[in-house]
Amino acid sequence: MPNIVGIKFKQGGKVYYFDPKDIVFAEGDGAVVETAHGTEYGEVAVANCCVEQSEIHGELKPVLRKATEKDIAAHKAIVEKRPSAIREAQEKADRRKLDMKFVDAEFAFDNSKVVFYFTAENRVDFRDLVKELASAFHMRIELRQIGIRDECKMKGGLGPCGRVCCCNAHLNDFERVSIKMAKTQGLSLNPGKISGLCGRLMCCLKYEDDYYSRTAKFMPKINSEITTPAGKGKVADVDMLRLTVTVRVTDGDNAEMHTYTAEELGITPVYDNATPAVQTQQQEEEE
């Protein structure tokens, strides 16, 4: 099996596999590697280990060296000049009355290129701006338009839960999120309560959707009529986590609320591959 080391180049970014050669890395070490875009500085996210060949896509690029103090200082200098570069690019765009908002600047480790990321409502003709920026920075310039979710991933912030946005903290890719997930989980459909800082549906709606979707298949629907130990009644509430059902049982003019477990109602939980969804969810969280 191939021996690899996992490197990531930005917070919350993807982890890429490289050939460590004879160098031994620990998680958190700095590394200088050869990429398709040239020489880059990254941080070790996965220490030396062997993986299945099927996990390798394409040819492994080599690690050039473990980062030296000089490399670390050079990387720090690059990071520190990003804010001023963004401000300068924004000022030049404003002077040209271009409707664009600069979000981030990414310098190549060898200072041969800088990529500016920006958001805009429409397509922008920035050809003249690129020439001006190239003259100011004396390096190759690339401008890339990104979406509002990408902006949130780059800038980060605190979500409604009080924690750093998932996209910035640990998510490598954006997964599809839909309003149906909120409905299945019984959440309020108020946009302000299920939307993240980007204004789109929160990424965390995806986390428990698998469990709720599978559980909803065998639990009764709200307002449906079912038979209970107290007689026939109408389902008033369903707790997917505790697997309980609250039923309104009416006897003449009297109505009483009863809460039963799925077992008491004769409901047998059925999950794919005979594996309880709760266990699957816990395993996914541990991974």
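Residues numbered from 1 in each chain as written. Predicted model: local features only at pLDDT ≥ 70, side-chain atom pairs only at ≥ 80, totals over all residues. Heavy atoms only, no water.

Student: Before we go on, may I ask you to explain the pattern of salt bridges in this structure?
Tutor: Any two side chains of opposite charge can pair, so long as their charged atoms come close to each other. One pass over the full model with this rule turns up 17 salt bridges. Its salt-bridge partner being K21, residue D19 comes within 3.6 Å of it at the nearest N-O pair. The class for D19 is partly exposed, based on a relative accessible area of 23%. A salt bridge links R144 to E142; its shortest N-O distance comes to 2.9 Å. (Salt bridge = Lys/Arg side-chain N within 4 Å of Asp/Glu carboxyl O. Buried < 20%, exposed > 50% of the residue type's maximum accessible area, 1.4 Å probe, protein only.)

Student: I keep staring at the side chain of D209 and nothing clicks. Help me out?
Tutor: Examined against the element boundaries, D209 turns out to sit in helix α8 (residues 209-216). Salt bridges are absent for the buried D209, whose nearest opposite-charge side chain, K206, sits at 4.9 Å. Beyond its immediate stretch of four places on either side in the chain, D209 contacts M181 and Q185. (Helix = DSSP H or I, 4+ residues; strand = E, 2+ residues; numbered from the N terminus. Lys, Arg positive; Asp, Glu negative; His and termini not counted. Contact = heavy atoms within 4.5 Å.)

Student: Looking at this structure, how should I read unusual backbone geometry?
Tutor: Residues apart from glycine generally show negative phi values, whereas peptide bonds are mostly found in trans. Within the chain, K21 stands out as a residue other than glycine whose phi angle is a positive 60°. Locating K21 in the fold gives a position in the loop between β2 (16-19) and β3 (30-35). In this structure, H138 takes a positive phi of about 55° despite not being glycine. With respect to the helices and strands, the residue H138 is situated in the loop between α3 (127-137) and β8 (140-145).

Student: Explain the side chain of D104 here, please?
Tutor: Tracing the sequence through the fold places D104 in strand β6 (residues 101-107). For D104, the side chain forms a polar contact with the side chain of R82, separated by 2.9 Å. Setting aside anything within four residues of it in sequence, one finds D104 in contact with R82, I86, V115, F116, Y117 and M154. (Polar contact = N/O pair within 3.5 Å; in protein donor to acceptor, adjacent residues only side chain to side chain.)

Student: Can you help me understand the layout of surface pockets in this one?
Tutor: Over the atoms rolls a probe the size of a water molecule, and its path tells where empty space is left. A volume near 1600 Å³ is recorded for the largest pocket. Around the largest pocket sit 46 residues that line it, and K8, F9, K10, Y16 and E106 are the ones nearest its centre. Listing elements by their share of the lining of the largest pocket, those giving two or more residues are β2, β4 (38-50), α1 (69-80), β6, β7 (113-119) and α4 (148-155). Of the residues in the lining of the largest pocket, the class split is 20 nonpolar, 10 polar and 16 charged. (1 Å grid on protein atoms, 1.4 Å probe; cavity = no way out; pocket = protein on both sides within 12 Å on 5 of 7 lines; lining within 4 Å. Points joined across faces, edges and corners; volume = space filled by probe spheres on them. Nonpolar A, V, L, I, M, F, W, Y, C, P; charged D, E, K, R; others polar.)

Student: Mind showing me how you'd approach α3 here?
Tutor: Side chains of residues three or four places apart in an α-helix project in the same direction, reflecting 3.6 residues per turn. When we look at burial in α3, the residues that qualify are L129, L133 and F137. Viewed along the axis of α3, the buried residues span an arc of 55°, placing them on a single side of the element. In α3, those exposed residues whose orientation departs by more than 90 degrees from the buried face are R127 and K131. Contacts made by the buried residues of α3 are with α2 (82-95), β6, β7 and β8. Phi turns positive, to about 55°, at H138, one or two residues after α3. (Arc of directions from axis to C-beta.)

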